[in-house]
Amino acid sequence: MTWKSYDLDQEAQRLILKHRDQKGVIGQSHKMRITVAFGLERFWGEQLRLLDKEPPKGEYWRDTWKSFAKIMLKAGIELPQENVSNKDTIKIQEIATKLWQLPPEDQRICLAVLTQFCDSLVWWTQRYKKLGVDDDQQ
Amino acid sequence: MTNSNEVPLMFQAQIAGRGQIQYIKNPKQSERWIDEWVEGSAIDAPTFHTNIKTKEYKITWRFVSNSGQDEDIIRPVIAAKGFPFYPGASMKGAFSRACTSEQREKYCGGKLTNDDTQPGSLRFHGGYPKDATWVEQPLIDVVHPQQDWQIKNNDSHSAFIQISLYQPTLVFGISSTKILEPSEWEIIWNIWDKAIEKGIGSRVSAGYGQPINQPETKLVTFNLRGQGLASQLIDKSGEFRPNIFKAALRGHTLRLFSGVTDENTAEELTRELWGGFAGKNGAVVGQLGIAFNAVDLEMDEYRYGRNTMPIYELNAGTLNILSMGDISTEYKKELRTLATQIFRFAMLLGSFGKSWRRIDHRLFFPEYEKHLIGCHWQFTQQSNKYYFPVNNINHITNILNDIHKTVNNWLQLKGKIPSNQVSYWRESFHPQKVQVWGRIAQDEDDSLAVRWFHGNYQGVKSIKGSSLTGKLGQIGRLWHRMYPRYIKTKEGEIRRKGKEYVELLTIFPDKKDEITQDFLTFLPTSDFTKLWGK
């Protein structure tokens, strides 16, 4: 088996560059890193919680989830990628079920990658945050 | 295979349809979250290492250390093994604010001139509940901001859930890198006494996280007794919640300021005094806070028919109004005058907590045997001097003028411009918006107005259930108070006059309402005299 790069770091950089212009958004990277500890469902759900209240932050979470899902797909694990509405309870429960039905082994792999991915996001956040911009958490 | 509905709430998405802990309309979720937390939490309290010095402090009411980890819910910081925890970093911050600059450098460290930092000699280990009894107390705490609804208009108001600890005894730990003399430890704990006195955790100005003693921050003390309906926690049990004082005082401050200046200035000054949210500028920490210690409190239930309602009987309690910031002696004096007058005003015309706009029917209208209505508050002996003496009913006019003057003085002290424009708020205390009527009542059985709320006041005329008296879901425009009558003797002593009360009606008339106008035409023909307002 040869070494294969999943370009986590490059993908993280792309996300940060895409979202850095909106105030307070990339500061969410720190929250993401903390949320990993609570598992895939909680991480996935944050986009929906935020999309209504603070859309730019919600978009960042959604983008991050989609990038992450694409990376995992390359590694052979399929994660839900579709856009779900905050009001669509049935769909929300369906996705939650799907996530918890992943074999524990796959969940562990996902969380290990997500940890690494969030570490990269935090790293780029610290480099690309705009001076004087309130990022909630610095 | 995992059933996704059985996954602990912490691991579920915080959205509708999944584990939305903070959703107040479904308290089952927060109860489940508490259960999941408590179930996994350790039974034995963490103990500090033997080389760490410790000291215990009892918190008078609730304590919350917001972890800030979940955005929509305020819940404690949880340490290893599940125990709630006051973080060492917070402790260090509070400690260093109570230090002199030399002490700060020595104990907490700081920056040296060459941009290098120097560590302090102390390590702050934070605080834990002394034992596991905190799990037996109700942890879900409902926070219910309702100022807009009560004073300004009928805007909707929503409550939210918070997780806080009820009357915990917290043990704090400090260690030193060097061996210190006992005398130095005494200095260190004195600094911590001073630090904790300002309250620890969140919402300290509303009475959360307050220790029992406040020798340094105390601005003025009122000794009180009172009875009435208790607040209901989410599990329907009753709790006497000291934040009723803050709510009442903040509300009255806003009413009084809006009587002498425009709404924006009134809000700004109120916010400066009591704290609050300032839109884009974030939260403002108030200059005033409250701490309440219930010395003798009994909780009970009131029953009628099949209903039960939690009630309190506070036989003795001490309310401290605190000065939260570092301020000059001169300013402190002014602040004390203002806070004292606002509190005396609150006692004169209303009471505290639920149903504060009405007198306690059990005391003044015992024939009434339905819902419990009203509450009754008095100063106890030690605080008699805070009663406004009313030798003559017309003295109320002077008293209210004096309060207006105090409020106006504050406006000037703050360099704000008084404005005589009339506020559009419903309960603004402006002579053109409010009328105060009064009479002397001989004793408890002599409340005239209480009967008007439950029957006709004259012939077939009635104010019962009108927009003046209010009904469920709608706040009325009338306060009714039986204020114990105290008089000033020739020797200057303040003492109770027999069993007499000053019966007071505070009315914010709706000029377009016919029932109100009829009632105002009737009042001068009753025993009541108009004492304030146009």
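Right above here is the structure, for reference.
Each value, and the rule that gives it
- Residues numbered from 1 in each chain as written.
- Chains lettered and ligands numbered in written order.
- Predicted model: local features only at pLDDT ≥ 70, side-chain atom pairs only at ≥ 80, totals over all residues.
- Heavy atoms only, no water.
- Helix = DSSP H or I, 4+ residues; strand = E, 2+ residues; numbered from the N terminus.
- Rg over C-alpha atoms; globule rule 2.2 N^0.38 Å.
- Contact = heavy atoms within 4.5 Å.
- Areas by Shrake-Rupley, 256 points an atom, 1.4 Å probe, with all protein chains shown as cover.
- Phe/Tyr/Trp six-rings, centres within 6.5 Å; stacked < 30°, edge-to-face > 60°.
- Buried < 20%, exposed > 50% of the residue type's maximum accessible area, 1.4 Å probe, protein only.
- Salt bridge = Lys/Arg side-chain N within 4 Å of Asp/Glu carboxyl O.
- Buried area = accessible area lost by both parts, 1.4 Å probe.
- Polar contact = N/O pair within 3.5 Å; in protein donor to acceptor, adjacent residues only side chain to side chain.
- Pairing = 2+ DSSP bridges.
- Axes fitted to C-alpha atoms, helices over the stretch in contact; angles between N-to-C directions.
- Left-handed = near helix turned anticlockwise from the far one by under 90°.
- Nonpolar A, V, L, I, M, F, W, Y, C, P; charged D, E, K, R; others polar.
- Core = buried A, V, L, I, M, F, W, Y, C linked by side-chain atoms within 4.5 Å.

Caption draft 1: Representation of the overall build of chain B within the structure. A tally of regular secondary structure across chain B gives eleven helices and 27 strands. In terms of C-alpha radius of gyration, chain B reaches 26 Å, essentially the compact-globule figure of 24 Å for 534 residues. Overall, the C-alpha framework of chain B stretches about 80 × 65 × 45 Å when taken along its three principal axes. Considering only contacts in chain B between residues 6 or more positions apart, those separated by 24 or more positions represent 72%. Split by element, the accessible area of chain B, about 24500 Å² in all, is 48% carbon and sulfur.

Caption draft 2: Spatial organisation of the packing of aromatic side chains. Residue and element names in this part refer to chain B. The tally for this structure, following the rule as stated, stands at 50 aromatic pairs over all chains. Ring centres of Phe245 and Trp377 lie 5.5 Å apart, and the angle between their planes is 85 degrees; this geometry places the pair in the edge-to-face category. One end of the pair, Phe245, is in helix H6 (residues 243-257); the other, Trp377, is in strand S19 (residues 376-379), and 132 residues separate them in sequence. By relative accessible area, Phe245 is classed as buried at 0%. Classification of Trp377 as buried rests on a relative accessible area of 0%. Here the aromatic rings of Phe519 and Phe522 are separated by 6.1 Å at their centres, their planes lie at 35 degrees, and the arrangement is tilted.

Caption draft 3: Examining the side chain of Ser96 of chain B more closely. Residue and element names in this part refer to chain B. Note that Ser96 resides in helix H2 (residues 88-97). By relative accessible area, which is 16% here, Ser96 ends up buried. Excluding its chain neighbours within four sequence positions, the residues that come into contact with Ser96 are Arg104 and Cys108.

Caption draft 4: Seen up close, the pattern of salt bridges. Under the counting rule described, the total for this entry stands at 30 salt bridges over all chains. Close ionic contact of Arg485 of chain B with Glu500 of chain B constitutes a salt bridge, the shortest N to O distance being 2.5 Å. Taken together, the positions of Arg485 of chain B in strand S25 (residues 478-488) and Glu500 of chain B in strand S26 (residues 494-507) put the pair 15 residues apart, joining distant regions of the chain. With relative accessibility at 8%, the residue Arg485 of chain B sits in the buried group. One network of salt bridges, with partners in common, ties together Glu82, Lys91, Glu94 and Lys98 of chain A.

Caption draft 5: Quick look at the interface of chain A and chain B. Taken together, the 22 residues of chain A in the interface contact 19 residues of chain B. The contact between chain A and chain B buries some 1800 Å² in all, and 52% of this surface belongs to carbon and sulfur atoms. By the criterion of area lost to chain B, the three top residues of chain A are Arg42, Arg49 and Trp100 of chain A, representing 36% of everything that side buries. Linking chain A with chain B are one salt bridge. We note a salt bridge from Arg18 of chain B to Glu41 of chain A, for which the minimum N-O separation is 2.6 Å. Applying the counting criterion to the chain A and chain B interface returns five residue pairs in polar contact (both at pLDDT 80 or more). Going through the elements one at a time, helix H2 (28-35), helix H3 (40-53) and helix H5 (89-101) of chain A are the ones with two or more residues in the side of chain A that touches chain B. Top element by residues in the side of chain A that touches chain B is H3 of chain A. It accounts for nine residues.

Caption draft 6: Representation of the side chain of Ser4 of chain B. Mapped onto the secondary structure, Ser4 of chain B falls in the segment before helix H1 (27-40). Here Ser4 of chain B falls in the buried class, since its relative accessible area comes to 4%. A polar contact of 3.3 Å, which involves the side chain of Ser4 of chain B, links it to the side chain of Thr97 of chain A. In contact with Ser4 of chain B, not counting residues within four places along its chain, are Ala96, Thr97 and Trp100 of chain A together with Gln12 and Arg18 of chain B.

Caption draft 7: Spatial organisation of the sheet that holds strand S7 (residues 122-129) of chain B. All names here are of chain B. Pairing is antiparallel in the open sheet, where three strands are placed in the order S1-S11-S7. Two strands lie at the open edges of the sheet, namely strand S1 (53-58) and S7, each paired on one side alone. Here the strands of the sheet are splayed against their neighbours by 20 degrees on average, with no regard to which way each runs. In terms of strand pairing, S1 meets strand S11 (residues 169-176) through six bridges, oriented antiparallel. Within the sheet, the bridge partner assigned to Glu56 lies in S11 and is Val171. On the sheet, H2 packs against S7 and S11 and is oriented at approximately 115 degrees with respect to S7.

Caption draft 8: Spotlight on the packing of H2 of chain A against H3 of chain A. Residues and elements named next belong to chain A. Packing of H2 against H3 brings their axes to within 9 Å, and their N-to-C directions diverge by 140 degrees. The element H2 and its partner H3 pack so that their crossing is right-handed. Seen from H2, the contacting residues are Gln28, Met32 and Thr35; seen from H3, they are Arg42, Phe43, Glu46 and Leu50. Classifying every residue of the contact of H2 with H3 gives three nonpolar, two polar and two charged.

Caption draft 9: Geometry of the sheet that holds strand S18 (residues 307-323) of chain B. Residue and element names in this part refer to chain B. Sheet architecture is open: four strands sit in the order S17-S18-S12-S19, paired in antiparallel fashion. In this open sheet, the two strands that pair with only one neighbour each are strand S17 (288-304) and S19. Put simply, the sheet's adjacent strands are angled 20 degrees from each other on average, direction ignored. Inspection of the sheet shows strand S12 (residues 218-229) paired to S19 by four bridges, in the antiparallel sense. Bridge pairing links Arg225 to Gln378 in S19. Along the sheet face, H6 touches S12, S17, S18 and S19 and points at about 110 degrees away from the line of S17. Those strands touched by helix H8 (residues 329-349) are S12, S17, S18 and S19, and its axis lies near 15 degrees from that of S12.

Caption draft 10: Representation of the nonpolar core. All names here are of chain B. Among the nonpolar cores identified, the biggest contains 66 residues, and Phe245, Phe257, Phe343, Trp377, Ile396, Leu400 and Phe429 are the most heavily contacted of them. Among the elements that take part in this core, H8 stands out by supplying eleven residues, more than any other. Residues in contact with Phe245, not counting those within four places in the same chain, are Leu224, Phe240, Ile290, Phe292, Leu319, Phe352 and Trp377. Counting residues in each nonpolar core, the second largest holds 50 residues, with Tyr86, Trp134, Phe172 and Leu180 among its members.

Caption draft 11: Local environment of the pairing of S11 of chain B. All names here are of chain B. Of all eight residues in S11, seven are buried, a share of seventy percent or more. Pairing geometry for S7 and S11, over six bridges, is antiparallel. The residue of S11 that forms the bridge with Gly127 is Phe172.

By themselves these figures say nothing about function.
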